[in-house]
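Listed below, chain by chain, are the residues.
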Amino acid sequence: MTTGGVQEAITRAHREEWARVVASLTRRFGDLDIAEEAAAEAFATAVERWPVDGVPPNPGAWLTTTANRKAIDRIRRENKRDDKQREARMLSDDDPPEPLGAIDDERLRLVFTCCHPALAMEARVALTLRMVGGLTVPEIARAFLAQEAAMGQRITRAKAKIKAARIPYRVPSAEDLPARVSGVLAVLFLVFNEGYLATGPDSDPVRHDLTAEAIRLTRLIRVLLPDDGEVAGLLALMLLTEARRTARVSASGELISLAEQDRGAWDAALIAEGHRLVRERLAAAAAGVAPGRYQILAAINAVHTYARDARDTDWSQVVALYDQLVRIDRSPIVALNRAIAVAELDGPEVALAAVDRLADRLAGYHAYHATRADLLRRLGRGRDSRGAYDRAIELAGNSAEIAYLKRRRDQLG
């Protein structure tokens, strides 16, 4: 295999195996620090050895075995285990553990461990993005619009708190699930978003490994909580978004906007399933059950995917749904997305005024500047539009999105 092929195999293995290796080590050793560091050492060893020895027949098993050895070596070096019988069992017992919780899924248990209510919500999300999603600290910092050093410290403190509080590695009991699920859904939503539009400059622009894993775990949570509206809403949102994945990036590696996508290339089965879930939630809303954030976002995506052509989109319904969403989620990003819909309904000038009011809170967010650039272009303000495109390109991390923004900027002449 060529050097490039080996590096591609290592990258693919990292994306596919990181969470599984970390979950396996956490289950065996009960320590997130040991799990993460041993997994990282195993992947570093792969980078060193695979180009020389070749990619093993089963990369995942090789990584797991190597990571286990690294963890054992660390425990022996640091001599942290006073209970020698426990250490001896841990070093030699490879039998699978008894199932824990309603669903025996290691990564789902890891998600619930990282999302324990003893941790602040932002710490839960950041830690799970790192341990389960395999995102780097810079990627997580970009997802939070936060400084990299501060994000690293947040993750370190969260791991220390789990260890000190002896938070168990398991899916909670049925009575504890409702109180725990909101943090888990927030994590899975961000994992999916990172896959949908990866922020890492060296990543593929769309990471199907992350979107697929987020959908898989959300399906498992729906089994645990079949009547939870927000679980159903998040699953519908993911499915309707994932249905458009293959139409989102051109053969040349450029992002394709929703309006320009080939709707015939969308996954009809995923759209049908997503629409069915949205209809179920609309029926619940009609019965007086107020929809939550994910249900409203799913409904917005359903409006887009019902339209056979972008020109058929019911923008008045989209804006009305955003008006509902703003009442329960006052984040500036929701306000920005609402302004994009307003531009289609009331024109770019009205939308630009709304966008400009977000300047203080979104100055470091590339999509804010990309939105301004498009609105300014539509208003004929070419010089201002070019400046906004330049700032968006400077801040964006996704290669396909950068290619799209550069083309749009260069079309200004």
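Treat the numbers as computed from the prediction; the structure is a model and nothing was measured.

> I would appreciate a short explanation of the overall build of the chain in the present structure.
Helix and strand content of the chain: 20 helices and zero strands. In the chain, which comprises 413 residues, the proportion classed as buried is 51%. Looking at the chain alone, contacts between residues at least 24 apart form 65% of all its contacts between residues at least 6 apart. Here the chain displays about 19,600 Å² of accessible surface, and carbon together with sulfur accounts for 50% of that area.

> Honestly, the nonpolar core in this entry has me stumped. Any pointers?
It is characteristic of soluble globular proteins that their nonpolar side chains tend to be buried jointly. Of all hydrophobic cores here, the largest spans 122 residues; its most connected members are Leu 110 and Leu 127. Beyond its immediate stretch of four places on either side in the chain, Leu 127 contacts Leu 32, Cys 114, Leu 119, Ile 155, Ala 158, Lys 159 and Ile 162.

> Whenever I open this one, the pattern of salt bridges confuses me. Can you help?
Close approach of charged atoms allows side chains of opposite charge to pair. In this structure the tally under the stated criterion is 29 salt bridges. Between Lys 163 and Asp 31 there is a salt bridge; the shortest N-O distance is 3.0 Å. With Lys 163 in helix H8 (residues 148-164) and Asp 31 in the loop between helix H1 (3-29) and helix H2 (32-53), this pair connects stretches of sequence that are 132 residues apart. Through salt bridges with shared partners, a single network forms among Glu 344, Asp 374, Arg 377, Arg 378 and Arg 408.

> Whenever I open this one, the packing of aromatic side chains confuses me. Can you help?
Any aromatic ring pair is given by two values, namely how distant the centres are and how the planes are angled relative to each other. Considering all chains together, one arrives at three aromatic pairs under this definition. Look at Trp 50 and Trp 62: their rings are 5.4 Å apart centre to centre, the planes differ by 70°, and that puts the pair in the edge-to-face class. Of this pair, Trp 50 sits in helix H2 while Trp 62 sits in helix H3 (residues 59-78), and the two are 12 residues apart along the sequence. As far as burial versus exposure is concerned, Trp 50 and Trp 62 are alike and both buried. Summarising the aromatic geometry, the rings of Phe 192 and Tyr 196 are spaced 6.4 Å apart at their centres and angled 10° between planes, so their arrangement reads as stacked. Placement of both Phe 192 and Tyr 196 in helix H9 (residues 177-196) is noted, with a separation of four residues, approximately one turn of the helix. Judged by its relative accessible area of 3%, Phe 192 is buried. Between the NZ or CZ atom of Arg 244 and the centre of the ring of Trp 266, over which it lies, the distance is 6.0 Å. In this arrangement the basic side chain of Arg 248 is found over the ring face of Tyr 196, its NZ or CZ atom lying 3.7 Å from the centre.

Reading the values: rules and limits
Along each chain, the written sequence defines residue order, and numbers are assigned to residues from 1. Reporting in this predicted model follows two pLDDT cut-offs: at least 70 for local features of residues, and 80 or more for side-chain atom pairs to be given and counted; totals over whole chains, interfaces and linings ignore these cut-offs and use all residues. Heavy atoms throughout the structure, all of them, feed into the side-chain values; hydrogens and water do not. Working definition: helices are DSSP H or I runs of at least four residues, strands are E runs of at least two. Numbering for both runs from the N terminus. Note on classification: 1.4 Å probe, protein chains only; a residue is buried when its accessible area is under 20% of the maximum for its type, exposed when over 50%, partly exposed between these limits. Whether two residues are in contact is decided by their heavy atoms, any of which lying within 4.5 Å being enough. The protein chains shown are the only cover counted for residues, whose accessible areas, like all others here, come from Shrake-Rupley with a 1.4 Å probe. Definition of nonpolar core: a set of buried residues of the types Ala, Val, Leu, Ile, Met, Phe, Trp, Tyr and Cys, connected through side-chain atoms within 4.5 Å. We count a salt bridge whenever a side-chain nitrogen from Lys or Arg sits within 4 Å of a carboxyl oxygen from Asp or Glu. Each Phe, Tyr or Trp ring (for Trp, its six-membered ring) is paired with any other whose centre lies within 6.5 Å, and the angle between the two planes then decides the class: stacked below 30 degrees, edge-to-face above 60, tilted in between. Only when the NZ atom of a Lys or the CZ atom of an Arg is both within 6 Å of the ring centre and within 35 degrees of the ring normal do we say a charge sits over the ring.

These figures capture arrangement, not role.
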